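Summary of structural features
Residues per chain, in single letters:
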Amino acid sequence: MIEKIYINGCSWSAGHDLDDMENDSWPGQLAELTGLEVINEAMCGGSNHRILRKTMKFLSENKSDWDKILVIPAWSCPSRTEFYFEDSEKMYAERYPKHVEHRLHQQNTDDWVWVNQYRARAFDEDDFLNNRMAVSWYLELESPELSYYDYIMDVLNLQNFCKANNIKYFQFRAFQFENIATTNHSKLLKWFGVGGSKQTSEYDCEHIFKEVAKRGGYENLIDLVDRDLFPSFINTEHTLHWLSKTPTGVHPSKEHCGILAKEVQKILIDRSII
């Protein structure tokens, strides 16, 4: 019987901009609805690599409770990533003291530094390391073929580990829309026919995802994902954004998090997961 729900994700699950992130976020409200213990390790700006890394760390440290744990990853934007930077906390404390409090608030207290496309356009002295790495990544290394591949592999790694060890899980994709920066930061723009910095959907069409996967030579991997336990894998429907009825391009309010918590609870009950 499930006694604990472990949730990981990005700002959508962390409770970005909420007065009480712990209790007003959808994981916090899900705990109140279900009466179960909810552990939420989501971090604003967190990447899918981080979601997998932290989830596996949690599971490795709680092996005796695997039969009591439900794992719910809420996957984020595939183009985000993270880098290991030794003694990064010490560096921040010495060179960017204002940023230490921010990092602690984001639950990012280890030596993994997160970057995303927003950081590639930022000029924040207190976020210099993130800015520098983001610029290097998006200008020189990022491609949709690599980002989509990493996303699929993160999903499959967690899926197959849970299945192999009889750990209950259910997967969501956090949101439909992602601000795809400029042509300097991402090659995705040419596939969506937009220019400059414009709000557009990264996965609005399943065929686009499949086309990118085909170019990368890994389209068959898509069929390995269990869509029954991850219905929003490459579809807009059933993303957290869609379930919460949140306006496009904004984070869910306390009210929308409440709607989302009820929807997630219903899904888990209807599928006899809890």
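If you're wondering where the values come from, they're calculated on a predicted model, not measured in any experiment. (Residues numbered from 1 in each chain as written. Predicted model: local features only at pLDDT ≥ 70, side-chain atom pairs only at ≥ 80, totals over all residues. Heavy atoms only, no water.)

**Regarding the pattern of salt bridges**
- Applying the stated criterion across every chain yields a total of 10 salt bridges.
- Put simply, Asp-65 and Lys-4 hold a salt bridge, and the shortest N to O gap is 3.2 Å. You can see Asp-65 sitting in the loop between helix H4 (48–61) and strand S3 (69–75) and its partner Lys-4 sitting in strand S1 (residues 4–8), a full 61 residues away along the chain. Pair check on accessibility: Asp-65 and Lys-4 agree, each one buried.
- Residues Lys-266 and Asp-270 are paired through a salt bridge, measuring 2.8 Å at the closest nitrogen-oxygen approach. A residue pair is termed a helical-turn pair when its members lie 3 or 4 positions apart in one helix, as Lys-266 and Asp-270 do in helix H12 (residues 254–270) at 4 residues.
- Judged by its relative accessible area of 48%, Lys-266 falls in the partly exposed class. (Salt bridge = Lys/Arg side-chain N within 4 Å of Asp/Glu carboxyl O. Helix = DSSP H or I, 4+ residues; strand = E, 2+ residues; numbered from the N terminus. Buried < 20%, exposed > 50% of the residue type's maximum accessible area, 1.4 Å probe, protein only.)

**Observations concerning the packing of aromatic side chains**
- One pass over the structure, following the stated rule, counts 9 aromatic pairs.
- With a centroid separation of 6.0 Å and 75° between ring planes, the pair formed by Phe-83 and Trp-137 is classed as edge-to-face. With Phe-83 in strand S4 (residues 81–84) and Trp-137 in helix H7 (residues 128–141), the pair connects residues that are 54 residues apart, well separated along the chain.
- Judged by relative accessible area, which is 12%, Trp-137 ranks as buried.
- The structure contains a cluster of three or more aromatic residues connected by ring pairs, namely Tyr-151, Phe-230 and Phe-233. (Phe/Tyr/Trp six-rings, centres within 6.5 Å; stacked < 30°, edge-to-face > 60°.)

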